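Each chain, letter by letter, is given below.
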Amino acid sequence: MNAEVSQLGARSVTARAYGKINVFLSVGPQRADGYHDLVSVFQSLDLAETITLSPAAETAVTLTGPRADTTVPLDSRNLAVQAVAALSEAAETHIPVAIMIDKQVPVAGGMGGGSADAAAALVAYAELIGCDDAELLARIAAELGADVPFALTGGTAIGTGRGDELVPVAGSGTFHWVLATSVESLSTPEVYRTLDELRCETSAATDDTLHDPDDVVTALTAGDPHALAGVLHNDMTDAAIELLPGIADVMESGRQAGALAALVSGSGPTVGFLVADPTHALDLTVLLEATRGVRDVVRTTAPAGGAHLVIG
């Protein structure tokens, strides 16, 4: 064990960050660098990823919790590992850590669980090494992935650029969601490619026009789920359904069961159903659990907070 690790002794640090849902997602044309310009409205969900870092002889990852999944990488591909490595290099403080991830956010569902891992790991490692440079954490978050900056800040925000240029939204009230994960998975790059292909096939110039989320922001500010239900939007829906047609059936099942609205979460395949209240959420959960193609059903609320330390 190196000298820096020895000085810290057995100290562990725990931090928490939350998953997200895109209540609005408008996708522009593909840029020369391969990315797409986005206009998105994020809300953090009360589904937390909890990261505990402990000084160790070498960096290693273990998973616990109901969403621990064998598809989550435990090596340098893991976003929590990348976050620790990036901050370690930037701060010139090389302390290897054991990383324990308590996973509560469904994996590969378009809900930002990996990004939450990265954000929580940044906050925990910064505390462990005594780094209080918020601007540095924000810069590293943007380098790690487009959703990591929002996982760091949480709440409600408009994202532009790749989704990482954030403007907070002063929403009000609590929104109730029922999330249906899929027995199958989707690749985000593949969904984007399919979106581009569908747009080429239709040859409609307006298909890739970025739209303003004004109506969504108004509904969020008012805390009105019925108003929000009428303006939820995701440009990636058709592409996700093209790749996984069963998504459409799940969405229709929820609508028929009285959901206020159905929304593909991010690039899918998770479907989010906006509901009026907790009782409505419970009723819908029971129906969706028996729906073909649904792997798991999760009830949650929005918005939640940003990445933060867990004390005690």
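Residues numbered from 1 in each chain as written. Predicted model: local features only at pLDDT ≥ 70, side-chain atom pairs only at ≥ 80, totals over all residues. Heavy atoms only, no water.

Selection rule: UniProt positions are given in the numbering used here, feature names are shortened, and annotations may be inferred rather than shown by experiment.
Within an unreviewed UniProt entry, the label attached to the chain reads 4-diphosphocytidyl-2-C-methyl-D-erythritol kinase, and the organism entered is Brevibacterium luteolum. Quoted verbatim from the Catalytic activity (unreviewed entry) field of UniProt, the annotation for the chain is "4-CDP-2-C-methyl-D-erythritol + ATP = 4-CDP-2-C-methyl-D-erythritol 2-phosphate + ADP + H(+)".

### A closer look at the domain arrangement of the chain
Rules: What fixes the domain bounds is an automatic or database domain assignment. Every residue pair with non-hydrogen atoms within 4.5 Å of one another is taken to be in contact. The term polar contact refers here to a pair of N or O atoms within 3.5 Å; inside protein, the definition further demands a hydrogen-donor-capable atom paired with an acceptor-capable atom, and it admits residues adjacent in sequence only when both atoms are side-chain atoms. Here a strand is any run of E in DSSP of at least two residues, a helix any run of H or I of at least four, and the numbering for each starts at the N terminus.
One can read the domain layout of the chain as domain 1 (4-169) and domain 2 (175-302). Placing the centre of domain 1 and that of domain 2 at their C-alpha centroids yields a distance of 24 Å. On the side of domain 2, 36 residues touch domain 1, which itself brings 31 residues to the contact. At the boundary of domain 1 with domain 2, the tally comes to 13 residue pairs in polar contact (both at pLDDT 80 or more). Secondary structure elements with two or more residues in the side of domain 1 that touches domain 2: β1 (13-30), β2 (36-55) and β5 (156-160). In terms of residue count, the dominant contributor to the side of domain 1 that touches domain 2 is β1 (11 residues).

### Description of the UniProt feature "domain: GHMP kinase C-terminal" (unreviewed entry) in the chain
The sites that carry the UniProt feature "domain: GHMP kinase C-terminal" (unreviewed entry) are, in the present numbering, residues 219-281. Taken end to end, residues 219-281 comprises 49% helix and 17% strand; its first and last C-alpha atoms sit 20 Å apart.

### A word on the sheet that holds strand β9 (residues 261-264)
Each strand in a sheet pairs with its neighbour through backbone hydrogen bonds, running either in the same direction (parallel) or in the opposite one (antiparallel). Worth spelling out the cut-off: Pairing between two strands requires that DSSP report at least two bridges joining them. Interaxial angles span 0 to 180 degrees and are taken between N-to-C directions of axes, which are lines fitted to C-alpha atoms, for helices over the stretch in contact.
Spatially, the 4 strands line up as an open sheet ordered β9-β10-β7-β11, and their pairing is antiparallel. The open sheet has two free edges, formed respectively by β9 and β11 (294-302), since each of these has just one partner strand. Pairwise comparison of adjacent strand axes, ignoring direction, gives a mean angle of 25° for this sheet. When β9 meets strand β10 (residues 271-275), the two strands line up antiparallel, connected through 4 bridges.

### Description of the nonpolar core
Test applied: What we call a nonpolar core is a set of buried Ala, Val, Leu, Ile, Met, Phe, Trp, Tyr and Cys residues that are connected through their side-chain atoms within 4.5 Å. Burial classification: accessible surface area is computed with a 1.4 Å probe over protein chains only, and a residue below 20% of its type maximum counts as buried, one above 50% as exposed, and the rest as partly exposed.
Judged by nonpolar contacts, the single largest core of 37 residues is most densely connected at Leu-53, Leu-87, Ile-99, Leu-122 and Tyr-125. Contributing elements (two or more residues each) for this core: β1, β2, α2 (79-91), β4 (97-102), α3 (113-129), α4 (134-144) and α5 (148-153). In terms of residue count, the dominant contributor to this core is α3 (12 residues). Contacts of Leu-122, omitting those with residues within four sequence positions, involve Ala-83, Leu-87, Leu-137, Ile-140, Ala-141 and Leu-144. Counting residues in each nonpolar core, the second largest holds 27 residues, with Val-178, Met-236, Ala-239 and Leu-284 among its members.

### Focus on the pairing of β4
Counted only if it meets this: Here the term right-handed applies to a crossover when the path leading from its first strand over the helix to its second strand runs clockwise, the strands being oriented away from the viewer.
Burial along β4 is one-sided: the face carrying Val-97, Ile-99 and Ile-101 is buried and the face carrying Ala-98, Met-100 and Asp-102 is not. When β2 meets β4, the two strands line up antiparallel, connected through 6 bridges. Within β4, the position partnered with Ile-51 by the bridge is Ile-101. Bridge analysis of strand β3 (residues 60-64) against β4 gives 5 bridges, and the strand direction is parallel. Its bridge partner being in β4, Ala-60 is matched across the sheet by Ala-98. Once you follow β3 into α2 and on to β4, the crossover reads as left-handed.

### Side note on the pairing of β5
As paired strands, β2 and β5 are joined by 4 bridges and run antiparallel to one another. Residue Val-41 lies in a different strand from β5, and its bridge partner there is Ile-158. Examined bridge by bridge, β5 and strand β6 (residues 165-168) share 4 bridges and lie antiparallel to one another. Bridge pairing in β6 places Ile-158 opposite Val-167. Counted between consecutive antiparallel strands, the loop separating β5 from β6 contains 4 residues, among which Gly-161 sits at a positive phi close to 70°.

### Points about the pattern of salt bridges
The line we're drawing: Here, a salt bridge means any side-chain nitrogen of Lys or Arg that lies within 4 Å of a carboxyl oxygen of Asp or Glu.
In total, this model carries 13 salt bridges according to the counting rule given. Measuring nitrogen to oxygen at the nearest pair gives 3.1 Å for the salt bridge that ties Glu-127 to Arg-11. Of this pair, Glu-127 sits in helix α3 while Arg-11 sits in the loop between α1 (3-8) and β1; the two residues are 116 residues apart in sequence, bridging distant segments of the chain. Since its relative accessible area comes to 35%, Glu-127 is described here as partly exposed. On the basis of relative accessibility, which here comes to 33%, the residue Arg-11 falls in the partly exposed class. Residue Glu-252 pairs with Arg-255 through a salt bridge whose shortest N-O separation is 3.5 Å. Of the two residues, Glu-252 and Arg-255 are both situated in helix α10 (residues 246-256); the distance of 3 residues between them amounts to about one turn of the helix.

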